[in-house]
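One-letter residues, chain by chain:
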Amino acid sequence: MTRFTIPRDLYFGDNALEHLESVKGTKAFIVYGSSRLEKDGVIAKIQGHLKKANIESMTFSGVEHDPSVATVKEGTRLMQEYQPDLIVAIGGGSPIDAAKAMWIFYEHPDFTFEEAAKPFNLPDMRNKACFIAISTTSGTATEVTSFSVITDNETGIKYPIADYNITPDVAILDTTLVESMPKHLVANTGMDALTHALEAYVSTAANPFTDALAMRAIEMICKNLAKSYQGNMEARKNMHLAQNLAGMAFSNAILGIAHSMAHKSGAILNVPHGLANAIYLTNTVLFNAKTAGDRYAEIAKRIGLAGNTEAELVSALVQMIKDMRKELDMQASLKEFGIDEADFKSKVDNMAKTAVADPCTSTNPREVSVEEMKELYLAAYYGQDITF
């Protein structure tokens, strides 16, 4: 038996924030990171909509890029004092991830991060509060996923939380919120979304429901990402929907080794997550084509790439990714990004070992050894195509 879980409701389009005027509750705890949301009036707008629903609110701001255990604990402490029956998280992946973790410990104060990090080990939620997620970026799709990652800055330990219980109750995709996204963020989040969709489609846990979402996401991303980067607002709004489709796909089908590699090298090498995926994606497609070539060929045909054989279609797909990366002014290798060679080589063995152990590796369509993972990292550093 296979399970497929997405939010109960999803509101999307221009001014979708207005849905907050019809939600049920008495107290809302609003979690966000960037002060830009205050300056742009977005937080005030959210509070205004909630007020029309007779819901008072309290804000918690300043969630960092990689949300920390300390931030989650402080947010949980304030939740315990305030006792909200509604949690509203707004921003990119970090604030929403942090709010998900706060929600867990608000509902279950005696639970631990170690217990939460055991896959699908959470107790029942929604005893105290429901969860609304509002995305302001077009990549992570955490507004519809069952995942959260929290870092203990004192120990360096990351706690990856995976459980359908933390899939938000409501996701809001207000397409006006992404109009002012910086170009580099458009590129990084867009390539992250493409990686989500491609990896979900070839995942060993893929199913007809995730396939449909992933394929449509790929089509929309290929059609709209470059235009969004160039400033086309209609394309940017379409990207906001496309990344969400990819999110619903990978939340249920999980991912593959491009994400395993990005997870383990991002903080160590200080490479933005979306850029890391963009660099790793070409070679992970070539690597996985040994066992999932037919799936990649299906994608290539669907988006209109030329090729008469499976190998030609896979090659065309890899070239398309390279071309897109170039259109988005993204580096093609870790070396080009500026990573010091000696520093990289001193860390690559550990990155390879931990990437193989990453949960995303378990659903990759081809098994990978530590030595093969190291070769993938080395190829990504020098910008070379693999042949194994």
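Below: a short report on this structure. The residue numbering used here restarts from 1 in each chain and proceeds along that chain's sequence as written. Predicted model: local features are reported for residues with pLDDT of at least 70 only, side-chain atom pairs are reported and counted for 80 or more only, and whole-chain, interface and lining totals are derived from all residues. With hydrogens and water set aside, each side-chain value is computed from the structure's full complement of heavy atoms.

## Looking at unusual backbone geometry
Threshold: Only runs of H or I of at least four residues qualify as helices and only runs of E of at least two qualify as strands under DSSP, and these elements are numbered from the N terminus. Buried, partly exposed and exposed residues are distinguished by accessible area as a fraction of the type maximum, computed with a 1.4 Å probe on protein chains only: under 20%, between the cut-offs, and over 50%, respectively.
Positive phi outside glycine occurs at N15, with the angle close to 60°. Structurally, N15 is set in the loop between β1 (9-13) and β2 (27-31). By relative accessible area, N15 is classed as partly exposed at 41%. Even without being a glycine, R126 presents a positive backbone phi close to 70°. Residue placement: R126 occurs in the loop between α5 (113-116) and β5 (130-135).

## Some thoughts on the nonpolar core
In summary, soluble globular proteins display a tendency toward joint burial of nonpolar side chains. What counts is decided by this rule: Note on terminology: a nonpolar core comprises buried Ala, Val, Leu, Ile, Met, Phe, Trp, Tyr and Cys residues joined through side-chain atoms within 4.5 Å. Here, residues are in contact when the closest pair of their heavy atoms is within 4.5 Å.
Among the nonpolar cores identified, the biggest contains 81 residues, and M191, Y280, Y296, L334, F344, M373 and Y377 are the most heavily contacted of them. Those elements giving two or more residues to this core turn out to be α6 (183-202), α7 (208-229), α8 (233-253), α9 (257-269), α10 (273-302), α11 (310-327), α13 (341-357) and α14 (370-382). The element best represented in this core is α10, accounting for 14 residues. Not counting chain neighbours up to four residues away, the residues in contact with Y296 comprise V202, T284, V285, N288, A289, V314 and L317. Counting residues in hydrophobic clusters, the runner-up holds 32 residues, among them M79, A89, A98 and F131.

## Focus on helix α2 (residues 42-52)
Think of an α-helix as 3.6 residues a turn; residues three or four steps apart then line up on the same face. Put simply, the test is: What the arc covers is the set of directions going from the helix axis to the C-beta atoms.
Along α2, the residues classified as buried are V42, I43, I46, H49 and L50. The buried residues of α2 occupy one face: seen down the axis, they fall within an arc of 125°. The exposed set on the far side of α2, more than 90 degrees from its buried face, consists of A44, K51 and K52. Against β2, α1 (36-39), β3 (56-60), β4 (86-91) and β5 lie the buried residues of α2. Phi turns positive one or two residues past the end of α2, at N54, with a value near 60°.

## Comments concerning the pairing of β5
Applied cut-off: Any two strands with at least two DSSP-identified bridges between them are counted as paired.
Counting buried residues along β5, five of its six residues qualify, which places the element largely inside the surrounding structure. Two strands pair when backbone bridges link them, and β4 and β5 are joined in this way by six bridges, in the parallel orientation. By the bridge assignment for β5, V88 is matched with I132. One ladder, built from three bridges, connects β5 with strand β8 (residues 170-174); its direction is parallel. Among the inter-strand pairings, I132 is bridged to a residue of β8, identified as V170.

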